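Here is what each chain is made of, one letter per residue.
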Amino acid sequence: MNKGAVPAAAAPERFVIFDCNGDACVGVLATPAAAKNPPRLGIVIVVGGPQYRVGSHRHFALLARALAREGFPAFRFDYRGMGDSEGEARTFESVRDDLAAAIDALRRETGVAKVVLWGLCDGASAALMYAASDTRVAALVAVNPWVRSPHAEASARLKHYYLRRLTSLAFWRKILSGKFDIGRSAGSLAGDLRDAASPAVKAAAPGYLQRMHDGWTRFSRPVLFLLSGSDLTAREFEGWVAADRQRADLFRGPTSELTAFAGSDHTFSSSAWRDAVNERTIEWIGRISPRC
């Protein structure tokens, strides 16, 4: 911090215990310090797994506090079976009830009428699958959504990873030094070529991708996509969008906005990247909130 700088006011936080199908779940609610009027819009932060409510590099905690300082209550929580919540562990494909219960808890504790779901990785995928079914969800922020399949991964690696390596001086120095395992890399490349070209591999896409497609195409409210510049998951998502005309039209349509963060990795591991994500999130939510 610069000398003489005034630290940002802390957002009040408290634990909230809520029920999900008989299991006690744990969340942390950050609330505006001094709101003139009761807030109409709150944010539920949907974790990517396996992860708990603080987030990689404490990003979810920092995001929730930043949102609360700007007047938006923010709730981050543990799915059943994760962190401090009771119950059996589950994947992002089966957290529908957890999301509904977390929204219930945020609305009960704050009185907000509508919520924004903010999700990273498969948390974004879970939010896209869920949002259209719940009229309380006013908008989505989808960060590096997870669309992994053998075909998508192979295609993204061929298009982005191998091309980047071929244009890298470090890659050619490694070859010339004799430290490069040509046999192993050739085998990996051959496997990616096979999976990217195989109709059978393409047809065997995981079922959750269809659920994501269906959820997104039925969701007529605003969506902000935040994509990292140096992340294979983000490139896979772009490829998945481009592979279908309906998704591509939605992605370019009036309800969607996109911000890319050049150079950033999947979890925004530097403070500059995290701050940029938080600022963009707050700006966008502030702009759409009057019509939610």
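Structure first, text after, so check above.
A quick note: this is a predicted structure, and the numbers were derived from the prediction, not measured.

Novice: How should the overall build of the protein chain be read in this particular structure?
Specialist: Helix and strand content of the protein chain: 11 helices and 8 strands. With 292 residues in all, the protein chain has 49% of them scored as buried. Restricting the contact set of the protein chain to residue pairs at least 6 apart, pairs at least 24 apart contribute 73%. Here the protein chain displays about 14100 Å² of accessible surface, and carbon together with sulfur accounts for 54% of that area.

Novice: What am I meant to see in the nonpolar core here?
Specialist: Generally speaking, a soluble globular protein has its nonpolar side chains buried in company with each other. If you look at the biggest cluster of nonpolar residues, it comprises 79 residues, and the most contacted ones within it are I43, F75, L117, W118, V137 and L140. The biggest single contributor to this core is strand β6 (residues 137–143), with 7 residues. Excluding residues within four positions of it along the chain, L117 makes contact with V44, V46, I103, A127, Y130, A131, V137, A139, L140 and V141.

Novice: Just to check I follow, could you spell out the packing of aromatic side chains for this structure?
Specialist: For any two aromatic rings, the description comes down to two numbers: the centre-to-centre distance and the angle of the planes. Under the definition given, this model contains 15 aromatic pairs. Taking 6.3 Å as the distance between ring centres and 25° as the angle between the ring planes, the aromatic pair formed by W216 and W240 counts as stacked. Residue W216 is found in helix α8 (residues 207–218), and its partner W240 is found in helix α9 (residues 232–242); the two are separated by 24 residues along the sequence. The pair W216 / W240 is uniform in exposure class, with both members buried. Plain terms: the ring middles of F261 and F268 are 5.7 Å apart, the flat faces sit at 85° to each other, and that makes the pair edge-to-face. On the accessibility criterion, F268 (0% relative accessible area) is buried. The rings of W216, F225, F237, W240 and F251 are connected pair by pair, giving a single aromatic cluster. One residue, R247, lies across the ring of W240, its end atom 4.0 Å from the ring centre.

Cut-offs used in this document
Residues numbered from 1 in each chain as written. Predicted model: local features only at pLDDT ≥ 70, side-chain atom pairs only at ≥ 80, totals over all residues. Heavy atoms only, no water. Helix = DSSP H or I, 4+ residues; strand = E, 2+ residues; numbered from the N terminus. Buried < 20%, exposed > 50% of the residue type's maximum accessible area, 1.4 Å probe, protein only. Contact = heavy atoms within 4.5 Å. Areas by Shrake-Rupley, 256 points an atom, 1.4 Å probe, with all protein chains shown as cover. Core = buried A, V, L, I, M, F, W, Y, C linked by side-chain atoms within 4.5 Å. Phe/Tyr/Trp six-rings, centres within 6.5 Å; stacked < 30°, edge-to-face > 60°. Lys NZ or Arg CZ within 6 Å of the ring centre and 35° of its normal.

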